[in-house]
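Now for the letters of each chain:
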Amino acid sequence: MKAVVVEKPGDESVLKIGDVPDPVCGDEDLLIRVKCAALNRADLMQRQGFYPPPPGASEILGLECAGEVIELGKRVSGWRVGDRAMALLPGGGYAEKAVAHYGSAMKVPHALSDEEAAALPEVFLTAFLNLFSLAQVQREENVLVHGGGSGVGTASLQLLREAGARAIVTAGSDEKCQQCLKFGAAVAINYRKGPFAPQVKAVTDDRGADIILDSIGGAYFAENLDALAHGGRLVLIGLMKGATAEINLATVLRRHLKIFGSTLRSRSVAEKAKIVRDFLGRFGTALEAGKLRPPVYKAFSVSQVRDAHRMMQASEHFGKIVLRLA
Ligand SMILES: NC(=O)c1ccc[n+]([C@@H]2O[C@H](COP(=O)([O-])OP(=O)(O)OC[C@H]3O[C@@H](n4cnc5c(N)ncnc54)[C@H](OP(=O)(O)O)[C@@H]3O)[C@@H](O)[C@H]2O)c1
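Presented here is a report on the structure given in the accompanying data block. (Residues numbered from 1 in each chain as written. Predicted model: local features only at pLDDT ≥ 70, side-chain atom pairs only at ≥ 80, totals over all residues.)

Let us look at the overall build of the protein chain. The secondary structure content of the protein chain amounts to 10 helices and 15 strands. Against the 2.2 N^0.38 benchmark of 20 Å for 326 residues, the protein chain shows a C-alpha radius of gyration of 19 Å, consistent with a compact globule. By its C-alpha atoms, the protein chain is 55 × 40 × 35 Å across when sized along the principal axes. In the protein chain, buried positions account for 49% of the 326 residues. A separation of at least 24 residues holds for 68% of the contacts in the protein chain among residues at least 6 apart in sequence. (Helix = DSSP H or I, 4+ residues; strand = E, 2+ residues; numbered from the N terminus. Rg over C-alpha atoms; globule rule 2.2 N^0.38 Å. Buried ≥ 20, exposed ≤ 12 C-beta atoms within 10 Å, placed from the backbone. Contact = placed C-beta atoms within 7 Å.)

See the structure below:
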């Protein structure tokens, strides 16, 4: 089959279309003819050699896809050949065919196109896991989401809206802030214009945020603690600006703060299946009704994969960037 291959780590120019063996459908897998795959920030890191796939996973880029089921493993239940599937993958999405554990896959609702379906699993399941399962967000809580215009940010905004929580976001331009507000954020802060913590305090009656979903890491750690309410929860999911920080730990003690860290990709198939079940249990009706819909900023043909990576690297996009494989 054809797939995007990375001959050696590097910039976008190392991405090529090549011939690779078809993936093998295991006993608990679905074999999917991929119609679309979506980009994630992690793909850029993997391409550069900084984020190897977990043991046993495909070396091919791509953490999510949508397409048609063309083969079922013998222990798979609840799926038929011909079903439309959208799946979380440990790798292998940038290819004509991909295998997904059946517990990591969801039926595509009629309301969603293949492009939208491909763009949903990674970011919605990440937002769900971290905001709902780990941080246990409640109605009317103030939730600060860094990178409001990112894939994860736009998924978070939709889930928080459905849950009746109040979303505060940061973004890197006034234009992205406006888009976040239109997309359901109550407050959008342009982080390039000054520190975010005082603005978070100002819009929460000086309390601070109940939860922060952070993908920035080191550079924001101390300011995140300042921006949290007493008893607030910080969920760390990315390190876009550094993996180290120096903080005064007394703040954590005195203000009863909770700090979580998590990754989705490295989790076991059983854990991922539980996350998918819990997500569908809580948001399945909204999903079926088309209320959860990743904004697809641009869909590229797979032959334009380098342009797609360039666009993400430059953070031009709002929402998701998709590759069309079919
Ligand atoms: N732990 C997990 O399980 C997990 C799972 C999925 C994703 N993630 C992480 O979540 C983050 C978002 O992923 P994504 O795929 O949704 O990314 P994305 O769509 O590419 O968006 C990332 C956004 O972050 C902002 N940004 C980029 N570099 C930045 C920097 N140095 N400082 C501040 N802001 C920066 C940009 O928005 P502006 O233009 O507004 O600056 C950019 O659009 C990534 O860190 C990713 O690794 C973690």
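This paragraph deals with the packing of helix 3 (residues 121–134) against helix 4 (residues 151–163). Between two packed helices, both the angle of their axes relative to each other and the distance between the axes serve to describe the pair. Direction vectors running N to C along helix 3 and helix 4 enclose 60°, while the axes themselves pass 8 Å from each other. Considered as vectors, helix 3 and helix 4 are oriented oblique to each other. By crossing handedness, the relation of helix 3 to helix 4 is classed as right-handed. Of the residues in helix 4, those in contact with V123, F124, T126, A127, F128 and L131 of helix 3 are G151, V152, A155, S156, L159 and L160. Broken down by class, the residue content of the contact of helix 3 with helix 4 amounts to nine nonpolar, three polar and no charged. (Axes fitted to C-alpha atoms, helices over the stretch in contact; angles between N-to-C directions. Parallel < 35°, antiparallel > 145°, perpendicular 65-115°, else oblique. Left-handed = near helix turned anticlockwise from the far one by under 90°. Nonpolar A, V, L, I, M, F, W, Y, C, P; charged D, E, K, R; others polar.)

Inspection of the region around the ligand gives 25 residues, with S150, G151, G172, S215 and G238 positioned closest. Among the elements of the structure, helix 1 (41–47), helix 3 and helix 4 are those that each provide at least two residues to the shell around the ligand. Counting residues per element, the shell around the ligand draws most heavily on helix 3, which supplies three residues. Each of domain 1 (2–120 + 267–324) and domain 2 (124–261) accounts for three or more of the residues forming the shell around the ligand. (Near = placed C-beta within 6 Å. Domains from an automatic or database assignment.)

This part covers the packing of helix 3 against helix 9 (residues 269–288). Two elements in contact, helix 3 and helix 9, have axes separated by 10 Å at closest approach and are oriented at 80°. Taken as axis vectors, helix 3 and helix 9 run roughly perpendicular relative to one another. Residues F124, L125, F128, L129, F132 and S133 of helix 3 pack against I275, V276, D278, F279 and R282 of helix 9. When grouped by side-chain class, the residues that make up the contact of helix 3 with helix 9 number eight nonpolar, one polar and two charged.

What follows deals with the sheet that holds strand 13 (residues 258–261). Read from one edge to the other, the open sheet built from six strands follows the order 10-9-8-11-12-13, with strand pairing classed as parallel. Either end of the sheet is taken by a strand with one partner, and the two such strands are strand 10 (187–190) and strand 13. For this sheet the average axis-to-axis angle between neighbouring strands, irrespective of direction, equals 15°. Across four bridges, the pairing between strand 12 (residues 228–236) and strand 13 is parallel. Looking at the pairing, V235 lines up with F260 of strand 13. Against the sheet, helix 3 makes contact with strand 8 (142–145), strand 11 (209–214), strand 12 and strand 13, and its axis sits at roughly 150° relative to strand 11, the strand it touches most. The strands touched by helix 4 are strand 8, strand 9 (166–171) and strand 11; relative to strand 9, the strand with the most contacts, the crossing angle is about 165°. (Pairing = 2+ DSSP bridges.)

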